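Spelled out from the first residue to the last, the chains are:
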Amino acid sequence: MENTSDNRFDNGMEVRRAVMSDAYVDNAIASTTGTDSEALQNHVTATVWGSVWTREGLSRRDRSLLNIGMLVALRANEELRGHVRGALTNGLTREEITEAIIQASGYCGAPAALSAMKVAQEVLDAELGPKS
């Protein structure tokens, strides 16, 4: 799907909602509407979700797996929380999410991975229940 500047925002919003959920996106948009941050929300929706996530070449599942590793590296735990949910939506398993964080620990360090795992564990338990 090719995205022109005319449809990137709409396509981005469609993908963002499919991956992150309507409730997540509605909250993100509502929390910035009428503020200085609104322009950044619109920019991220159009460029990241509307231009990057809509590219051919990687599945949404693969993109989610990559995002987990990158967010661990950046210690972007609030973003990680949403993307762990998105990874579940995109077909990653509890085990694959855990392994991605363990893999990242070797390159990003134990402190980053431990912090990320704490966030991921909260999401996994909330979405899937405790590990049996």
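Residues numbered from 1 in each chain as written. Predicted model: local features only at pLDDT ≥ 70, side-chain atom pairs only at ≥ 80, totals over all residues. Heavy atoms only, no water.

Per an unreviewed UniProt entry, the chain carries the name Alkylhydroperoxidase AhpD family core domain protein and comes from Corynebacterium lipophiloflavum.

**Side note on the environment of Tyr24**
Filter applied, for reference: Here a helix means four or more residues in a row that DSSP labels H or I, a strand means two or more in a row labelled E, and each is numbered from the N terminus. Think of it in three bands: with a 1.4 Å probe and only protein chains considered, a residue is buried below 20% of the maximum accessible area for its type, exposed above 50%, and partly exposed in between. Contacts are residue-level and defined by heavy atoms, with any inter-residue pair within 4.5 Å sufficient.
Within the fold, Tyr24 resides in helix H2 (residues 22-30). Take Tyr24: its relative accessible area is 26%, and that puts it in the partly exposed class. Through-space distance from the C-alpha of Tyr24 to that of Gly82 is 7.8 Å; in sequence the pair is 58 residues apart. Filtering out sequence-adjacent residues up to four positions away, Tyr24 remains in contact with Glu79 and Gly82.

**Observations concerning the UniProt feature "domain: Carboxymuconolactone decarboxylase-like" (unreviewed entry) in the chain**
Short version of the rule: UniProt positions are given in the numbering used here, feature names are shortened, and annotations may be inferred rather than shown by experiment.
When the UniProt feature table is mapped onto this chain numbering, "domain: Carboxymuconolactone decarboxylase-like" (unreviewed entry) sits at residues 39-122. Between the C-alpha atoms that bound residues 39-122 the distance is 30 Å, and the span itself is 83% helix and 0% strand.

**Description of helix H4 (residues 60-74)**
Rules: By this rule the span expected of a helix is its residue count minus one, scaled by 1.5 Å.
Its 15 residues give H4 an end-to-end C-alpha distance of 20 Å, which sits within 8% of 21 Å, the value for a rise of 1.5 Å per residue. Looking at the buried positions of H4, the neighbouring elements they touch are helix H3 (38-52), helix H5 (77-89), helix H6 (94-108) and helix H7 (110-128).

**Thoughts on the domain arrangement of the chain**
Interfaces are often described in size by the accessible area the parts lose on coming together. The test is simple: The domain limits used here are those given by an automatic or database domain assignment. Buried area is understood as the total, over both parts, of accessible area removed when two parts are fitted together, assessed with a 1.4 Å probe. The term salt bridge refers to a pairing of a side-chain nitrogen on Lys or Arg with a carboxyl oxygen on Asp or Glu at a separation within 4 Å. Polar contact is defined as a pair of N or O atoms within 3.5 Å, subject to the rule that within protein one atom must be able to donate a hydrogen and the other to accept it, and that residues adjacent in sequence are counted only when both atoms are side-chain atoms.
When cut into domains, the chain gives domain 1 (8-55) and domain 2 (58-131). On a C-alpha basis, the centroid separation for the pair domain 1 and domain 2 is 20 Å. Summing both partners gives a buried area of about 840 Å² for domain 1 against domain 2, and 55% of it is carried by carbon and sulfur. Counting the surface domain 1 buries against domain 2, the share from its top three residues, Val19, Met20 and Trp53, is 57%. Between domain 1 and domain 2 we count 0 salt bridges in total. Summed over the shared surface of domain 1 and domain 2, the result is 2 residue pairs in polar contact (both at pLDDT 80 or more).

**Some points on the packing of aromatic side chains**
Note the following rule: Only rings of Phe, Tyr and Trp enter the pairing, Trp through its six-membered ring, and a pair is recorded when the two centres are within 6.5 Å. The plane angle decides the type: under 30 degrees is stacked, over 60 is edge-to-face, the rest tilted.
Counted by the stated rule, this structure contains 1 aromatic pair. Both rings, one in Trp49 and one in Trp53, keep their centres 4.7 Å apart while their planes meet at 20°; by these two values the pair is stacked. Note on accessibility: Trp49 and Trp53 belong to one class, buried.

**Some words on the nonpolar core**
For clarity, the cut-off: Joining through side-chain atoms within 4.5 Å is the link that ties buried Ala, Val, Leu, Ile, Met, Phe, Trp, Tyr and Cys residues into a set, and such a set is a nonpolar core.
Among the nonpolar cores identified, the biggest contains 20 residues, and Ile68, Val72, Leu80, Val84, Ile97 and Ile101 are the most heavily contacted of them. At the level of elements, H4, H5, H6 and H7 are the ones that each hand at least two residues to this core. Tallying contributions element by element places H7 first for this core, with 8 residues. Setting aside anything within four residues of it in sequence, one finds Val84 in contact with Ile97, Ala120, Val123 and Leu124. One finds Met13, Val15, Met20 and Trp49 within the second-largest nonpolar core, a separate group that totals 7 residues.

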